Amino acid sequence: NVWEWCWDQYAESYPEQPPPDYTGAEEDDRRVKRGGSWRHRAKFARAAYRGMDTPDSQSNSAGLRPVRTLR
């Protein structure tokens, strides 16, 4: 189990009325990581738990989930 590396830019809190496809703060290069990892307690292994990191960071507890859109 690893953090899920997300495209969304990190923001300390969500806006009151987010747009339908909220991608986070535009002035920051930090990205959202969700779900905890094998290095965390079980209570953090949920999608609502989020952290952040910069795109150039490295960790053996972070991964990504490839997604393909149908066209």
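Residues numbered from 1 in each chain as written. Predicted model: local features only at pLDDT ≥ 70, side-chain atom pairs only at ≥ 80, totals over all residues. Heavy atoms only, no water.

J.: Describe the pattern of salt bridges, with residues and values.
T.: Per the stated rule, a full pass over the model turns up one salt bridge. We note a salt bridge from D53 to K33, for which the minimum N-O separation is 3.4 Å. With a gap of 20 residues between them, D53 in strand β3 (residues 50-53) and K33 in strand β2 (residues 31-34) connect regions that are remote in the sequence. (Salt bridge = Lys/Arg side-chain N within 4 Å of Asp/Glu carboxyl O. Helix = DSSP H or I, 4+ residues; strand = E, 2+ residues; numbered from the N terminus.)

J.: Run through the side chain of R31, naming residues and quoting values.
T.: The residue R31 is located in strand β2 in this model. There is no salt bridge for the buried R31, and the closest opposite charge comes from D29, which lies 7.0 Å off by N-O distance. (Buried < 20%, exposed > 50% of the residue type's maximum accessible area, 1.4 Å probe, protein only. Lys, Arg positive; Asp, Glu negative; His and termini not counted.)

J.: Can you explain the confidence of the model for the protein chain? Please cite residues and give values.
T.: When the pLDDT values of the protein chain are averaged, the result is 77; 80% of them are 70 or greater. Considering each helix and strand of the protein chain separately, the mean pLDDT is smallest for strand β4 (residues 62-64), with a value of 76, and largest for β3, with 86. (pLDDT = per-residue confidence, 0-100.)

J.: Describe the pairing of strand β1 (residues 3-9), naming the residues involved and giving the relevant values.
T.: Both β1 and β4 contribute to a ladder of three bridges, which runs parallel. The partner of W5 across the bridge, within β4, is L64. In this structure, β1 lies alongside β2, joined through three bridges in antiparallel fashion. Considered in β2, the bridge of E4 is made with R34. (Pairing = 2+ DSSP bridges.)

J.: For the sheet that holds β4, give the residues involved together with the corresponding values.
T.: Strand order in this open sheet of four strands is β3-β2-β1-β4, and the pairing throughout is mixed. Pairing within the sheet leaves two strands with one partner each, and these edge strands are β3 and β4. When strand polarity is set aside, the average angle formed by the axes of neighbouring strands in this sheet is 45°. Bridge analysis of β2 against β3 gives four bridges, and the strand direction is antiparallel. Its bridge partner lying in β3, V32 is registered against M52. (Axes fitted to C-alpha atoms, helices over the stretch in contact; angles between N-to-C directions.)

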